[in-house]
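As a plain string of letters, each chain reads:
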Amino acid sequence: MVQSKYNVAEVDRVFDLQRQAKNLQALKNSTRKERIEKIKRIEKWILDPKNISRIQDALWHDLRKSPEETKTTEIVPVLSSIQYIYKNLRKWMKDHAVSAPLPMVGISSRIKYEPKGQVLLIGPWNYPFQLALNPLVHAIAAGNAIVLKPSEIAAATSAILKAMMMELFPENEIAVIEGDIPVATALLEKPFHHIFFTGSPNVGKSVMAAAAKNLTSVTLELGGKSPVVIDESAKLKTAAEKIAWGKCMNNGQTCIAPDYVFVPEGKEQAFADYYQESVNKFYNPDQKGIQASPDYTRIINGRNYSRVKALVDDAVSQGAQLVVGGEFDEQDKFIAPCVLLNVDENMAVMQEEIFGPVL
């Protein structure tokens, strides 16, 4: 990856190149056919078998995500979004007639949809391909100039995204700027017309504060702490299997992964047993251990591994019971699927988004 100092210098050059009035006006005036043609370049690039292998290799390097999971959670969602755009872009670009207010009787009124102009997209590391390209193809469909800042934490995928865009588009239309915090800070100081950020609430606050200085509109797709409620009428085994699937995909590093579960009183251990059974079905069918599974993703880096393990250790030290899992390997960034019982809402594990395979 290119060093930050170089990238910070690049921010001014790329921003000014895209900001030229003639460039933004040309993109604004682009036709539906022209925008679709640009998106088709991306679709064709992704569908090339050698590029599919490159994407899968990058996700294996960054997250040890299996080729199958990469297809399911990174590639297919982007291709689905592209098909959705093909189907709807004509309608999206069309002016909509509306009634004129009474003081303006005799005047026709309409809603006219126009591009924002110059857009900054800041991607996350947990689904670094899908969550960079999904907003990007929609920004193309809307006729914007785009700067994409992928997550430096998923460095291999970031490099793939940069190579793709350099191959497919001139920088005045789409530019990828790699780098870490200094690069992101330099980008956020620029008066973009819109910023789309996917990531943590803490960083989202910084993005919104920076955008406010330039009156830049923002879209923030942030984390959460998703509960699951199982009532008496539910089939406990079926519920446990579905929850295990949702929790363990991408090693729990998903903003809508279930974080905690309410079960009918007295059924806590039964749920945990069914959960363990489901985890073994998915990742340990041959009884060689979950760590040996080619389908079980890893924590992204050492810092996040330590953070998730600390949540478990803190809960156990305060009386929670670790009834499923408990296998940790710092060097491999491996945390087996865990279930904690008897947690207290004041424990850190109930106060923070877990973003790991701990339920």
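Thresholds, definitions, all that
Residues numbered from 1 in each chain as written. Predicted model: local features only at pLDDT ≥ 70, side-chain atom pairs only at ≥ 80, totals over all residues. Heavy atoms only, no water. 1 Å grid on protein atoms, 1.4 Å probe; cavity = no way out; pocket = protein on both sides within 12 Å on 5 of 7 lines; lining within 4 Å. Points joined across faces, edges and corners; volume = space filled by probe spheres on them. Nonpolar A, V, L, I, M, F, W, Y, C, P; charged D, E, K, R; others polar. Pairing = 2+ DSSP bridges. Helix = DSSP H or I, 4+ residues; strand = E, 2+ residues; numbered from the N terminus. Right-handed = clockwise from strand over helix to strand, strands pointing away. Axes fitted to C-alpha atoms, helices over the stretch in contact; angles between N-to-C directions. Contact = heavy atoms within 4.5 Å. Patch = residues over 30% accessible without salt bridge, like charges linked within 9 Å, V, L, I, M, F, W, Y side chains within 5 Å. Areas by Shrake-Rupley, 256 points an atom, 1.4 Å probe, with all protein chains shown as cover. Salt bridge = Lys/Arg side-chain N within 4 Å of Asp/Glu carboxyl O. Phe/Tyr/Trp six-rings, centres within 6.5 Å; stacked < 30°, edge-to-face > 60°. Buried < 20%, exposed > 50% of the residue type's maximum accessible area, 1.4 Å probe, protein only. Parallel < 35°, antiparallel > 145°, perpendicular 65-115°, else oblique. Left-handed = near helix turned anticlockwise from the far one by under 90°.

Caption draft 1: Geometry of empty space enclosed by the protein. Evaluated as defined, the whole model comprises two cavities of 30 Å³ or more. In this structure, the largest cavity spans a volume of roughly 70 Å³. In terms of lining residues, the largest cavity is bounded by Leu27, Ser30, Arg35, Lys38, Ile140, Gly143, Asn144, Phe169, Glu173 and Ile174. For the lining of the largest cavity, the per-class residue count stands at four nonpolar, three polar and three charged. Considered as a void within the structure, the second largest cavity measures approximately 40 Å³ in volume. Lining the second largest cavity, in full, are Gly224, Lys225, Ser226, Gly252, Thr254, Cys255, Ala257, Asp259, Glu353 and Phe355. Of the residues belonging to the lining of the second largest cavity, the class tally is three nonpolar, four polar and three charged.

Caption draft 2: Up close: the pairing of strand 7 (residues 217–221). Strand direction decides the pairing type here: strand 6 (residues 194–198) and strand 7, joined by five bridges, are parallel. From the neighbouring strand, isoleucine 195 faces strand 7, where its bridge partner is valine 218. Where the polypeptide runs from strand 6 across helix 9 (residues 201–213) and back to strand 7, its parallel neighbour, the crossover connection is right-handed.

Caption draft 3: Structural detail: the sheet that holds strand 7. Here five strands make up an open sheet; going across it, the order is 5-4-3-6-7 and the pairing parallel. Edge positions in the open sheet fall to strand 5 (174–176) and strand 7, since each of these has one partner strand only. Taking each pair of neighbouring strands and ignoring which way they run, the sheet shows an average axis angle of 15 degrees.

Caption draft 4: Representation of the pairing of strand 8 (residues 226–229) in the model. Judged from the four bridges that link them, strand 8 and strand 9 (residues 258–262) form a sheet pairing that is parallel. Counterpart to proline 227 in the pairing with strand 9 is tyrosine 260. Between the parallel elements strand 8 and strand 9, the chain passes through helix 10 (residues 236–248) in a crossover that is right-handed.

Caption draft 5: The side chain of asparagine 284, seen in detail. Along the polypeptide, asparagine 284 turns up in the loop between helix 11 (268–283) and helix 12 (302–317). Setting aside residues up to four positions removed in sequence, asparagine 284 forms contacts with Val279, Gly289 and Ile290.

Caption draft 6: Representation of a nonpolar patch on the surface within the structure. Taken together, the side chains of Val98, Ile111 and Tyr113 define a hydrophobic patch exposed on the protein surface, amounting to about 250 Å² of accessible area. Looking at where valine 98 falls in the secondary structure, it is placed in strand 1 (residues 96–98).

Caption draft 7: A look at the packing of aromatic side chains. Following the criterion strictly, the structure yields eight aromatic pairs and no others. Look at phenylalanine 282 and tyrosine 283: their rings are 6.2 Å apart centre to centre, the planes differ by 80 degrees, and that puts the pair in the edge-to-face class. A residue is classified by how much of its surface remains accessible, and phenylalanine 282, at 25% relative accessible area, is partly exposed. Through pairs of rings, three or more aromatic residues link up here, namely Phe282, Tyr283, Tyr296 and Phe334.

Caption draft 8: Seen up close, the packing of helix 6 (residues 130–141) against helix 7 (residues 155–168). Helix 7 packs onto helix 6 with a crossing angle of 30 degrees between their chain directions and a minimal axis gap of 11 Å. Compared by their axis directions, helix 6 and helix 7 come out roughly parallel. Helix-helix and strand crossings are classified by hand; for helix 6 and helix 7 the assignment is right-handed. Together, Ala132, Leu133 and Leu136 of helix 6 and Leu161, Met164 and Met165 of helix 7 make up the contact between the two elements. Of the residues assigned to the contact of helix 6 with helix 7, the class counts are six nonpolar, no polar and no charged.

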